[in-house]
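One letter stands for each residue in the lines below.
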Amino acid sequence: MGVAVVTGAGRGIGRGIALRLSRDGHAVAVNDRDAHGATAVAEEIRAAGGTAVAYPADVTDPDAGAGPRGAARHRGQLVMSLVRNRHAASPRNTVA
């Protein structure tokens, strides 16, 4: 199925989306600017038998690198879905 990248997935609605995508068979790149939240959700997915990687980064910060899409690509996996749960004022402000 490829990788589903979910921004703002460290808690709340983003967490729920990441968990559901994992249950549906997606590997999930869990992004949140809070490293603890991203790591906790990725661990929760793995504990339930899914595949997940935490990618803590602020997708509105151009200095944050390529964002979670880059992390998934770096691992040789094809990104099939991007859930832009993290609101940014402008699409140009989002790195993912």
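Structure shown above.
Residues numbered from 1 in each chain as written. Predicted model: local features only at pLDDT ≥ 70, side-chain atom pairs only at ≥ 80, totals over all residues. Heavy atoms only, no water.

A. Layout of the side chain of Asn31. Along the chain, Asn31 turns up in strand E2 (residues 27-32). For Asn31, a relative accessible area of 1% gives the class buried. Polar contacts involving the side chain of Asn31 include one to the main-chain carbonyl oxygen of Tyr55, which spans 3.0 Å. (Helix = DSSP H or I, 4+ residues; strand = E, 2+ residues; numbered from the N terminus. Buried < 20%, exposed > 50% of the residue type's maximum accessible area, 1.4 Å probe, protein only. Polar contact = N/O pair within 3.5 Å; in protein donor to acceptor, adjacent residues only side chain to side chain.)

B. Quick look at the pairing of E2. When you tally the buried positions in E2, you get six out of six residues, the bulk of the element. On E2, burial covers both faces: Ala27, Ala29 and Asn31 on one face and Val28, Val30 and Asp32 on the other are all buried. The pairing of strand E1 (residues 3-6) with E2 spans four bridges and is parallel. Looking across to E2, one finds that Val5 is bridged to Ala29. Handedness of the crossover is the feature at issue here: the chain leaves E1, passes through helix H1 (residues 12-23), returns alongside E2, and the resulting connection is right-handed. Bridge analysis of E2 against strand E3 (residues 52-56) gives five bridges, and the strand direction is parallel. Paired with Asp32 across the bridge in E3 is Pro56. One crossover worth recording links E2 to the parallel E3 by way of helix H2 (residues 35-47), and it is right-handed. (Pairing = 2+ DSSP bridges. Right-handed = clockwise from strand over helix to strand, strands pointing away.)

C. Up close: the pattern of salt bridges. What the rule picks out here adds up to two salt bridges. For Arg15, the salt bridge is made with Glu44, and the minimal N-O distance between the two is 2.7 Å. Here Glu44 lies in helix H2 and Arg15 lies in helix H1, a separation of 29 residues in the sequence. The exposure class of Glu44 is partly exposed, given its relative accessible area of 32%. We note a salt bridge from Asp24 to Arg20, for which the minimum N-O separation is 3.2 Å. (Salt bridge = Lys/Arg side-chain N within 4 Å of Asp/Glu carboxyl O.)

D. Quick look at the sheet that holds E3. What the four strands build is an open sheet, ordered E3-E2-E1-E4; its pairing is parallel. Whereas interior strands pair on both sides, the edge strands pair on one side only; in this sheet they are E3 and strand E4 (79-83). Averaged over all pairs of adjacent strands, the angle between their axes in this sheet comes to 20 degrees, without regard to strand direction. Packed on one face of the sheet, H1 meets E1, E2 and E4 and runs near 175 degrees to E1. Of the strands in this sheet, E2 and E3 touch H2, which is tilted by about 175 degrees from E3. (Axes fitted to C-alpha atoms, helices over the stretch in contact; angles between N-to-C directions. Contact = heavy atoms within 4.5 Å.)

The quantities given are spatial measurements derived from coordinates; they are silent on function.
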